[in-house]
Amino acid sequence: MSRFYHEQGSRFYAAGRFDLAVREFMAAERLSPNPRTVFNIGLCFLRMSRNDDAFFFLQEYLDASDDAEGVEERRRFATSSLEALMPRVARVAVRSTPEGASIFVDQREHGSYGETPRVLALSPGRHRVWVELVGHERAELEVEAVVGREVVAALEPALIVGSLVVDAPAGSRVALLDASGAELASGDAPLRASVPPGRVEIVASAEGYRSARTLATVVAGEESTVPIELERLPAPTGDLTVTTNIGEAVVELDGTPVGFAPVVLGDLAVDGYDLRVHAPGYVPWTGRVDVEASSRSWMTVDLVRAPEEASPWPWIVGGAGLAALVVGAVLGGLGLESADAFHARWNALPELDRSGASRVAGVRLADLRDRASALGLGADVSFGVGVAALGGAVILFVVGLDGSAARVSSGTLTRRPR
């Protein structure tokens, strides 16, 4: 059907019946929009000297995408025709922020004049120009169109919004999303935001709480309050398993017995703990263990045997040696005293009488000499016995040591996510 109207229009155009041709081309354009048909309509108005209409349709053609044969020639003609028409028409450049708004002039019944930004050719005089954009309020103004001049009509349609107040716990972060998931507004709670009317998704989150989502309806020009409660997350926990190389080892956590190894301690609060593992006859192991959130920790403890009780003989022999040294010291002192007494009496005799003297002041010199020698011999024997006893005590002590006394129990920690 579109083809029929197009052919009819072409025949009327060839016959110079431009008024009938434009009617047929208009019908064809309504059925099947085509840039070449728009060009033909502009051409008809140009031939009828309807400059305003010719300017409108030739400009609309240049704004469209034409890839048919002869496009370069058509575009050159349309461009040159518009330049020739400019001094003969009153132009109004309609712009809007944001762009893409539908343009209306004087009466809605005339239909839309396209979308901003666009230059219109209007009849000279005052005109009421307005724009409409989805989600925005209508914006309009009056302009004075003057032939041969271009007047700018800059319009800023205000966004149609409603007010939404989100009342969430202090410290929460709130985001408002549209149906496509695009963020409309965000901030700390309580959040007050102006957003377009319609359904809005509210997302509230806070550290230590489970995120909450809900929908709200925003009404244009009205304020709505949406309360949101956040559910507190359970405290983070971790698991600790304690194993040992022997059975029936007692496991203590922060000084409290928690069982025999192996033992699994589940859902422990994230913290550091003092761990102690012990068993009769073994060297205890003590250490600090950190439990991490959502993790499993394994503490493997290797207990070593405690050394056997030391023999008392090293101490007995050592004590006897010390006693012998004390006796030797006493005897040595007495021996030195007797020797000094002998030498004092001997030196007191005249030199001619020493060879035959056997008694001085009633004391036999031989007794003093023999007593000093006996005491000295006793001291030497005591010192020898004492030194030998101490050496034997050291040997007994070293030999009696168990090799495990120098060893300590050990623990190895491994961890992986729970």
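In this text, all values refer to a predicted model and were calculated from it rather than measured experimentally.

A closer look at the sheet that holds strand 14 (residues 223-227)
Adjacent strands of a sheet form backbone hydrogen bonds with each other and so pair up, either parallel or antiparallel.
Step number 1: Read across the open sheet, the three strands follow the order 10-7-14; overall the sheet is mixed. The outermost strands of the open sheet, each flanked by one partner alone, are strand 10 (191-195) and strand 14. For this sheet the average axis-to-axis angle between neighbouring strands, irrespective of direction, equals 20°.

Concerning the environment of Pro314
Step number 1: Turning to its location among the elements, Pro314 is positioned in helix 6 (residues 313-348).
Step number 2: Separated by 78 residues in the primary sequence, Pro314 and Gly392 have C-alpha atoms spaced 7.5 Å apart.

Quick word on the nonpolar core
Step number 1: Judged by nonpolar contacts, the single largest core of 40 residues is most densely connected at Phe55, Val92, Val94, Ile103, Leu120 and Val131.
Step number 2: No other element matches helix 3 (residues 35-47), which puts seven residues into this core.
Step number 3: Those residues in contact with Phe55 that lie beyond four places of it in its chain are Leu82, Leu85, Met86, Val89, Arg91, Val119 and Ala121.
Step number 4: The next biggest cluster of nonpolar side chains, apart from the first, holds 21 residues, and it includes Val277, Tyr282, Met299 and Val301.

Thoughts on the pattern of salt bridges
Step number 1: Evaluated as defined, the whole model comprises 18 salt bridges.
Step number 2: Across the salt bridge formed by Glu140 and Arg138, the nearest N and O atoms sit 2.9 Å from each other.
Step number 3: Taking the relative accessible area as the measure of exposure, Glu140 reaches 40% and is therefore partly exposed.
Step number 4: The partly exposed category is assigned to Arg138, whose relative accessible area is 41%.
Step number 5: Within the structure, one salt-bridge network assembled from shared partners comprises Arg126, Glu142 and Glu144.

Some details on a nonpolar patch on the surface
Step number 1: On the surface, Met1, Phe4 and Leu31 cluster together into a nonpolar patch covering about 350 Å² of accessible area.
Step number 2: With respect to the element layout, Leu31 can be found in helix 2 (residues 18-31).

Structural notes on the pairing of strand 1 (residues 90-96)
Step number 1: Extensive coverage of strand 1 is indicated by the burial of six of its seven residues.
Step number 2: As defined by bridge partners, strand 1 adjoins strand 3 (residues 118-122) across five bridges and the pair is classed as antiparallel. The residue of strand 3 that forms the bridge with Ala90 is Leu122.
Step number 3: Of the strand pairs in this sheet, strand 1 and strand 6 (residues 150-155) are connected by six bridges, and their pairing is parallel. Along strand 6, the bridge assignment pairs Ala93 with Val152.

Section: unusual backbone geometry
Step number 1: Cis rather than trans, the peptide bond between Thr97 and Pro98 has omega equal to 0°.
Step number 2: Within the element layout of this structure, Pro98 appears in the loop between strand 1 and strand 2 (102-105).
Step number 3: Cis geometry marks the peptide bond from Ala189 to Pro190, where omega comes out at -5°.
Step number 4: Here Pro190 lies in the loop between strand 9 (183-188) and strand 10.

Structural notes on the sheet that holds strand 19 (residues 263-269)
Step number 1: Across the sheet, which stays open at both edges, the four strands sit in the order 19-16-22-25 with mixed pairing between neighbours. Where the open sheet ends on each side, the last strands, each with one partner, are strand 19 and strand 25 (410-417). Between one strand axis and the next, the sheet turns through 20° on average, direction left out of account.
Step number 2: Summarising the sheet, strand 22 (residues 295-302) and strand 25 pair through eight bridges and their orientation is antiparallel. In the sheet register, Trp298 faces strand 25, and the bridge partner there is Thr414.

As for the environment of Phe57
Step number 1: Along the polypeptide, Phe57 turns up in helix 4 (residues 51-63).
Step number 2: Between the alpha carbons of Phe57 and Pro35 there is a distance of 9.8 Å; along the sequence they are 22 residues apart.
Step number 3: For Phe57, the residues in contact, after removing those within four places along its chain, are Met26, Val38, Ile41, Gly42 and Phe45.

Some points on helix 1 (residues 2-14)
Step number 1: Between its terminal C-alpha atoms helix 1 stretches 18 Å, which fits the 18 Å expected from 13 residues at 1.5 Å a residue.
Step number 2: Within the span of helix 1, buried status applies to Ser2, Gln8 and Gly9. The buried residues of helix 1 all sit within an arc of 130° when viewed along its axis, so they share a single face. Among the exposed residues of helix 1, those oriented more than 90 degrees off its buried face are Arg3 and Ala14.
Step number 3: In this fold, the buried residues of helix 1 make contact with helix 2.
Step number 4: Just downstream of helix 1 lies Gly16, where phi reads positive at about 80°.

Here we look at the side chain of Ser297
Step number 1: On the secondary structure map, Ser297 appears in strand 22.
Step number 2: Only 3.1 Å separates the side chain of Ser297 from the side chain of Arg415, close enough to count as a polar contact.
Step number 3: Dropping the residues within four chain positions of it, Ser297 is found in contact with Asp239, Leu240, Thr241, Asp290, Leu413, Thr414 and Arg415.

Examining the confidence of the model for the protein
Step number 1: In the predicted model, the protein carries a mean pLDDT of 85, and 89% of its residues have values of at least 70.
Step number 2: Contacts of residues 352-357 to residues separated by more than four positions or lying in other chains number five contacts, the stretch itself having pLDDT below 50.

Comments concerning the packing of helix 4 against helix 5 (residues 71-85)
Step number 1: Packing of helix 4 against helix 5 leaves a shortest axis separation of 10 Å and a crossing angle of 140°. In terms of orientation, helix 4 and helix 5 fall into the oblique class. Where helix 4 crosses over helix 5, the two elements pack in a sense that is left-handed. Seen from helix 4, the contacting residues are Asn51, Ala54, Phe55, Leu58, Gln59, Tyr61 and Leu62; seen from helix 5, they are Val71, Arg74, Arg75, Ala78, Thr79, Ser81, Leu82 and Leu85.
Step number 2: Across the contact of helix 4 with helix 5, the residue classes tally to nine nonpolar, four polar and two charged.

The rules behind these values
- Residues numbered from 1 in each chain as written.
- Predicted model: local features only at pLDDT ≥ 70, side-chain atom pairs only at ≥ 80, totals over all residues.
- Heavy atoms only, no water.
- Pairing = 2+ DSSP bridges.
- Helix = DSSP H or I, 4+ residues; strand = E, 2+ residues; numbered from the N terminus.
- Axes fitted to C-alpha atoms, helices over the stretch in contact; angles between N-to-C directions.
- Core = buried A, V, L, I, M, F, W, Y, C linked by side-chain atoms within 4.5 Å.
- Buried < 20%, exposed > 50% of the residue type's maximum accessible area, 1.4 Å probe, protein only.
- Contact = heavy atoms within 4.5 Å.
- Salt bridge = Lys/Arg side-chain N within 4 Å of Asp/Glu carboxyl O.
- Patch = residues over 30% accessible without salt bridge, like charges linked within 9 Å, V, L, I, M, F, W, Y side chains within 5 Å.
- Areas by Shrake-Rupley, 256 points an atom, 1.4 Å probe, with all protein chains shown as cover.
- Expected span 1.5 Å × (residues − 1).
- Arc of directions from axis to C-beta.
- Polar contact = N/O pair within 3.5 Å; in protein donor to acceptor, adjacent residues only side chain to side chain.
- pLDDT = per-residue confidence, 0-100.
- Parallel < 35°, antiparallel > 145°, perpendicular 65-115°, else oblique.
- Left-handed = near helix turned anticlockwise from the far one by under 90°.
- Nonpolar A, V, L, I, M, F, W, Y, C, P; charged D, E, K, R; others polar.

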